[in-house]
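Spelled out, the chains give:
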Amino acid sequence: MTKSLSKAIALATALGAAASAHAVNVNTEGLGEVLLYPVYTADANNQTYINVTNTTEYAKAVKVRFVEGQNSREVLDFNLYLSPRDQWSGAVVKSENGEGAKLITADKSCTMPAIYGTDGIDFRQFNYTTGEDVINGVEVEWKKADGGNQTLERTLVGHLEIIEMGVLDANLTADVSTDHVTPGAAPANCNALLSRFTDDNGVWSERNSAADLQAGFLSGADSVDKVGGLYGSASIIDINNATQISYDAVALDNFAIDSAGEAGSKHTATGSELPSLMQVGQNLATFKNGKTIAFPNAQSTISSLFMKESISNDFVLDFDKRGSKTNWVVTFPTKRFHVDSGVSADLPPFANPWVGGQSCQEINTLAWDNEEFEGRKQTTKPGQIDFSPMPTPKPGTKKVNSLCYETNILTFNNGVVLAREAAEASADNLV
């Protein structure tokens, strides 16, 4: 059976055409400077295994960032330093605290802060709640409540972005080795990377200027042919039910290259929420048909690469016979840069701002049976059925089919595969 989201969710208006050999684009071979993973889940007995590979002969620094699925507020990020041909892997699992998710890894590649050798790192709610605590002996407070779920449960489902921050130059790699010199062992000198952040004279210390954080990285013409080449994949595994769902990350190429045809370092300190998808080198995007279009800002540039008028996919619901269930995932990786007032006021192409824990986009649906009978085609109307997650209707109003989050898990006939929290209102009696 095939289902189509036939109403246009969004399609940008071209503001001008331009020609550029270095406009940002989706790399059809899955290699790039930015990797976008549409979903992770640690809910409903699932664990999500994340992989990223540096396919090049150059050492690279990348930012690994997990964001929760409702409003894409960051829940964990760290710096990862990959040697040539290196791969890093980790898993998102449910934390022992019984509420949120955490990241674990047995991978020995260099991360700052260190993850390997720990019991894992719990995801954090600081970016969507208001509170105060003592962390590492320091009193801290945060006031970032956004009206959504304020518990750690919100971290169980989300998506992931990996952004290349820079290519390490030969002088730095000679002193700070990220290579796995001994098979099965950690890189020879991760502590040298740590010292650059922590020592009194460490060039990457947070006490130093932003310019110092770029020390040791190639820039300009020296780096333009060396950026990119990252590849990513993920697997969602439910051991109890013996299921595995695998996918490749979406790769953006020519992300860092500016209008002069050069690339610079975006290396940041640990604990920084930069770099972000808004730091694209220029506001030009190239599409599959070869056309390059100029956009007024970064969020429109990146969003344009993912816009669709419709989505078609299959579903199978014969649970009684074969145990089949179907969930769909629809992720808007840049939605927060349009709808979240704390980030941007540039709403289009989305219809509604993030208010009261949601930002909903109405959709229409069409369904056919597997024999394509026109007589069985159905057009859903408001109030008939609904997807989850769904908006909370005002008293006396009808429900409508909507996508209200940034990572949306659509269920059919209450079939929970990826997450319980997204299955509270499923699409019953779809066909």
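See the structure above.
This write-up is about the structure you can find in this document.

About the thresholds
Residues numbered from 1 in each chain as written. Predicted model: local features only at pLDDT ≥ 70, side-chain atom pairs only at ≥ 80, totals over all residues. Heavy atoms only, no water. Phe/Tyr/Trp six-rings, centres within 6.5 Å; stacked < 30°, edge-to-face > 60°. Helix = DSSP H or I, 4+ residues; strand = E, 2+ residues; numbered from the N terminus. Buried < 20%, exposed > 50% of the residue type's maximum accessible area, 1.4 Å probe, protein only. Contact = heavy atoms within 4.5 Å. Pairing = 2+ DSSP bridges. Patch = residues over 30% accessible without salt bridge, like charges linked within 9 Å, V, L, I, M, F, W, Y side chains within 5 Å. Areas by Shrake-Rupley, 256 points an atom, 1.4 Å probe, with all protein chains shown as cover. Salt bridge = Lys/Arg side-chain N within 4 Å of Asp/Glu carboxyl O. Lys, Arg positive; Asp, Glu negative; His and termini not counted. Charge placed at Lys NZ, Arg CZ, Asp CG, Glu CD.

A separate point is the packing of aromatic side chains. Applying the stated criterion across every chain yields a total of 12 aromatic pairs. Residues tyrosine 40 and phenylalanine 123 carry aromatic rings whose centres are separated by 5.7 Å and whose planes lie at 85 degrees to one another, so their mutual orientation is edge-to-face. In this pair, tyrosine 40 sits in strand β3 (residues 34-41) while phenylalanine 123 sits in the loop between β10 (121-122) and β11 (130-135), placing the two residues 83 residues apart along the sequence. With respect to burial, tyrosine 40 and phenylalanine 123 carry one shared label: buried. Summarising the aromatic geometry, the rings of phenylalanine 287 and phenylalanine 295 are spaced 6.4 Å apart at their centres and angled 65 degrees between planes, so their arrangement reads as edge-to-face. Ring pairing ties together the aromatic residues Tyr81, Phe197, Trp204 and Phe217, which thus form one cluster.

By the secondary structure assignment, glutamine 70 is in the loop between β5 (60-68) and β6 (74-82). Exposure remark for glutamine 70: the relative accessible area of 7% places this residue in the buried category. Beyond its immediate sequence surroundings of up to four residues, glutamine 70 is in contact with Gly148, Asn149, Arg154, Trp354, Gly357, Tyr405 and Glu406.

Bridge analysis of strand β7 (residues 87-94) against strand β8 (residues 101-104) gives 4 bridges, and the strand direction is antiparallel. In the sheet register, lysine 94 faces β8, and the bridge partner there is alanine 101. In this antiparallel pair of consecutive strands, β7 and β8, the connection spans 6 residues, and glycine 98 shows a positive phi of 80 degrees. Sheet topology places β8 next to β10; 2 bridges connect them, and they run antiparallel. In the strand pairing of β10, leucine 103 is matched with isoleucine 121.

On the surface, Glu132, Asp133, Glu139 and Glu141 cluster together into a negatively charged patch. By secondary structure assignment, the location of glutamate 132 is in strand β11.

Read across the sheet, 6 strands follow the order β10-β8-β7-β4-β14-β15 without closing on themselves; strand pairing throughout is antiparallel. One side of each edge strand has no neighbouring strand; the edge strands of this open sheet are β10 and β15 (243-248). By the bridge criterion, 6 bridges tie strand β14 (residues 230-238) to β15 in an arrangement that is antiparallel. Paired with isoleucine 237 across the bridge in β15 is glutamine 244.

Treat this as a map of the structure, not an account of what it does.
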